[in-house]
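# Descriptive structure summary
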Amino acid sequence: MSNGISHGQKAKPRDQQSAALRLKNNRLGMNIFQVSWIMVFFALIVVNWQLRFSYAQWPPVGVTPFEPLLPSLATLALLGSSFFAQRGLAAFRSAEIKDFALCWRLTMTLGIVFMALIAREFAMVSAAALATQYGVTMRLMTGFHIVHALVIVGIMLAVYRRAGAGAYRGGEAAGWAVEGAAKLWHFVTVAWMLFYLVLYWLR
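Counting of residues starts from 1 at the beginning of each chain's written sequence and follows it residue by residue. Local features in a predicted model are, by the rule used here, given only for residues with pLDDT of at least 70; side-chain atom pairs are given and counted only at 80 or more, and totals for whole chains, interfaces and linings are based on all residues. Note that water and hydrogens are dropped before the side-chain values are worked out from all heavy atoms of the structure.

Below, the discussion takes up the packing of helix H2 (residues 69–93) against helix H6 (residues 176–200). Only C-alpha atoms enter the line fits that serve as axes; for helices the fit covers just the stretch in contact. Angles between N-to-C directions range over 0 to 180 degrees. Helix and strand labels come from DSSP, where a helix needs a run of H or I of at least four residues and a strand needs a run of E of at least two; each type is numbered from the N terminus. At a minimum axis separation of 10 Å, H2 and H6 run at an interaxial angle of 160°. Comparing the axis directions of H2 and H6 gives the class roughly antiparallel. Of the two possible hands of crossing, H2 and H6 adopt the one that is left-handed. On the side of H2, the interface is formed by Pro71, Ser72, Thr75, Leu78, Leu79, Ser81, Ser82, Ala85, Gln86, Leu89, Phe92 and Arg93, while H6 contributes Val178, Glu179, Ala182, Trp185, His186, Val188, Thr189, Trp192, Met193, Tyr196 and Tyr200. In terms of residue class, the contact of H2 with H6 is built from 14 nonpolar, 7 polar and 2 charged. An angle counts as roughly parallel when it lies under 35 degrees, as roughly antiparallel when it exceeds 145, as roughly perpendicular when it falls between 65 and 115, and as oblique in every other case. Less than a right angle of anticlockwise turn of the near helix away from the far helix marks a crossing as left-handed, whereas a clockwise turn marks it as right-handed. Contacts: residue pairs with any heavy atoms within 4.5 Å of one another. Three classes are used: nonpolar for Ala, Val, Leu, Ile, Met, Phe, Trp, Tyr, Cys and Pro, charged for Asp, Glu, Lys and Arg, and polar for all others, with Gly counted as polar.

Put into structure tokens, the structure is as follows:
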């Protein structure tokens, strides 16, 4: 009997250590992914700059510059969604599931608003702009980003449903999916801020 108790007492720390190690590895993997993937976004920015330096004027002659109003509204929506994602993560860690659910819904809603506004901007590129690298690179960059945002909203929706069903109870390690989804969404925000500055302000 004493052996059984001893075994149980030893197993619990081992389980905790294993969970802590998994969480550490998950966080390290996410950091490596974010650093490596942001390089892809930087590569697109470098392509944009190389193309603009091949023109005597940017945007090229006869092409109207992109208006920043719609993208600015989209950026505000995205920043708001990132704020609520972080609030939702904090609420989840505090076991405030109702607050988590509300913040997560707001995050996804504002994320959809962001994507809708950028999709409209994508569709409104003029024929004159599309005849030049100015319009082509804009569509490449915004389209690339929208695809990422859409995929991650899908991940957040799956996490939201599973969290509501109680799938992530059992400590910080068990709730990694919520933390990981929030970090992915922050990545979307940071990547867009880079594109936003390059496409609409740095001319």
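The grouping of Trp49, Phe53, Leu197, Trp201 and Leu202 at the surface amounts to a nonpolar patch, some 560 Å² of accessible area in total. Its location among the elements puts Phe53 in helix H1 (residues 2–53). Relative accessibility decides the category of a residue: with a 1.4 Å probe and only protein chains considered, values under 20% of the type maximum give buried, values over 50% give exposed, and everything between is partly exposed. Overall, Phe53 belongs to the exposed group, its relative accessible area being 68%. Surface patches are defined over residues having more than 30% relative accessible area and no salt bridge, joining like charges when they lie within 9 Å and nonpolar side chains (Val, Leu, Ile, Met, Phe, Trp, Tyr) when within 5 Å. Computed by Shrake-Rupley with a 1.4 Å probe, the accessible areas treat only the displayed protein chains as cover when residues are assessed. Think of a salt bridge as a Lys or Arg side-chain nitrogen and an Asp or Glu carboxyl oxygen that are within 4 Å of each other.

Counted according to the given criterion, the structure contains 3 salt bridges. The closest approach of N and O atoms between Glu179 and Arg27, which form a salt bridge, is 2.8 Å. Taken as a pair, Glu179 in helix H6 and Arg27 in helix H1 lie far apart in primary sequence, 152 residues in all. Sharing partners across several salt bridges, the network here consists of Arg27, Arg93, Glu179 and Lys183.

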